[in-house]
Amino acid sequence: MFRKYIDIALVMFLIVGALGLAVGVVFTNRPATVAAMPAGQSVTVQVDGFQSHLPLNSDMLNNAVSPKNVYPIVKIKNEIRVELLSVQIDGGFLSADICFDFPSDDPAWSLGGPDNLKLSNGVAEIGVYSIEMIPDPQSGFLKKDDKGRFAGRCDHVGFPLSAGFALENLKISIGELVTDAPETPDCNKVQAKLDSKSTGIKIKCASEPGTSGVEIAVKPKELDTVQAQKILMDVLTESADGPWEFEVGTP
Amino acid sequence: MQKVKPVLVILITAMFVIASSFPFTSVAFAATCSGSGCNGLFASSTGCGNSVTNVQTIFPASSRVDLRFSTNCYTLWAKTTNKDSQGRSFYANATLWFPTSPSYYSVSSGGKIAVNQAVVSQQRYSGIANPPGWKACGYVSGSPISGPVGSPCTP
């Protein structure tokens, strides 16, 4: 008699537990909307003064002449989509909102620094000074895909306008996407990668609280410090080649 | 035995459901602290630094200053990296400002740090990536820096 009740209770417990877990999994993996990244499914192209809306296509996007000041402008390179949402001038800065897809499930993907994200006018270049995340409304920070993987982000970026910089023939270019250096790199793996490339570089990792980074302990004489650092950063971080270039009109 | 058999079938089915769900769950990075229990601790020593994204970044001369966010601990901290293009070493400071007492965490390097080396402040639980009033400040210099630093700061 009692055994029957125990069996029923056990079955109920298992069913409730499994259902609870299933609901949790479905909730965790719910599709994230792309509301923060208004990735238009068409792109505006301009040829001989005519404008039309066409379906998104990688070749078309890369060959298209986008009308200036019509946003978003979408560029796809190596199957990675980068989108320029808007451009404006405010307080001595030219600022732009840029969204991009992550090449892999790593929250550290970024637009890089002033040597990689630039504003040019055909005469001079200005490197980016500030980058500020535009949080995804679903996750509160990065865009996630329907499997819960980090899939992209949007940023508000600022270029300080110097005196005499002409606001014409403007182009915003992103040389590559890069991951930021990790807080706690796996030093053994980094050293193994350096060794496999026969770089001759030996590293020492920061271990004291409040410090971060990898120090070059030994390097070949023929390498100067800057060259050795570049080799180390290439091993320490990931990158995805561009460029993604956006011609923009005067805001 | 006849009573036990259905139970076993259900048990095995339930275990299958549970086991098959694991590959689809998000990867969780283990951390040794959570919530406000992370306050004042370093991300690198708590596992919070294993999954990080930059919320705000500025690029003052020869450096970069990041407001970093842990995607597994929901904490923020400041990080200042020597990015001198000529390979020079500098003193550095990283200061995290936040609205509640003690209002900041600040770390200055004891000596000059090499290119791509960084100083990192203690972390503070924020719960969200972009809380208003939080910012990272810092810079690099040829002279020792005493914190906290109030400028330059992230937007």
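In case you missed it, the structure is sitting above this.
Bear in mind the structure is a predicted one, so any value in this text is a computation, not a measurement. (Residues numbered from 1 in each chain as written. Chains lettered and ligands numbered in written order. Predicted model: local features only at pLDDT ≥ 70, side-chain atom pairs only at ≥ 80, totals over all residues. Heavy atoms only, no water.)

Looking at this structure, I do not really get the state of the cysteines. What am I missing?
Among covalent bonds in proteins, the disulfide is the one between the sulfur atoms of two cysteines. Residue and element names in this part refer to chain A. Across all of its chains, the model carries five disulfides over all chains by this definition. Paired through a disulfide, Cys99 and Cys154 show a sulfur-sulfur distance of 2.0 Å. On the sign convention where negative means left-handed, the S-S torsion of about 100° between Cys99 and Cys154 marks this disulfide as right-handed. Here Cys99, found in strand 5 (residues 93–101), pairs with Cys154, found in strand 11 (residues 150–160); they are 55 residues apart in sequence, far enough to count as distant. (Disulfide = S-S within 2.5 Å. Helix = DSSP H or I, 4+ residues; strand = E, 2+ residues; numbered from the N terminus.)

Please explain the pattern of salt bridges as it appears in this structure.
Under the definition given, this model contains twelve salt bridges over all chains. Note that Asp155 of chain A is salt-bridged to Arg153 of chain A, the shortest N-O span being 2.7 Å. Overall, the relative accessible area of 1% leaves Asp155 of chain A in the buried class. Residue Arg153 of chain A is classed as buried on the basis of its relative accessible area, which comes to 3%. A salt bridge links Asp180 of chain A to Arg64 of chain B; the nearest nitrogen and oxygen atoms lie 3.5 Å apart. Of the two residues, Asp180 of chain A is situated in the loop between strand 12 (170–179) and helix 3 (187–196) and Arg64 of chain B in strand 2 (residues 63–70); the pairing between them involves two chains. Three or more residues are tied together by salt bridges with common partners; here these are Asp180 of chain A together with Arg64 and Asp66 of chain B. (Salt bridge = Lys/Arg side-chain N within 4 Å of Asp/Glu carboxyl O. Buried < 20%, exposed > 50% of the residue type's maximum accessible area, 1.4 Å probe, protein only.)

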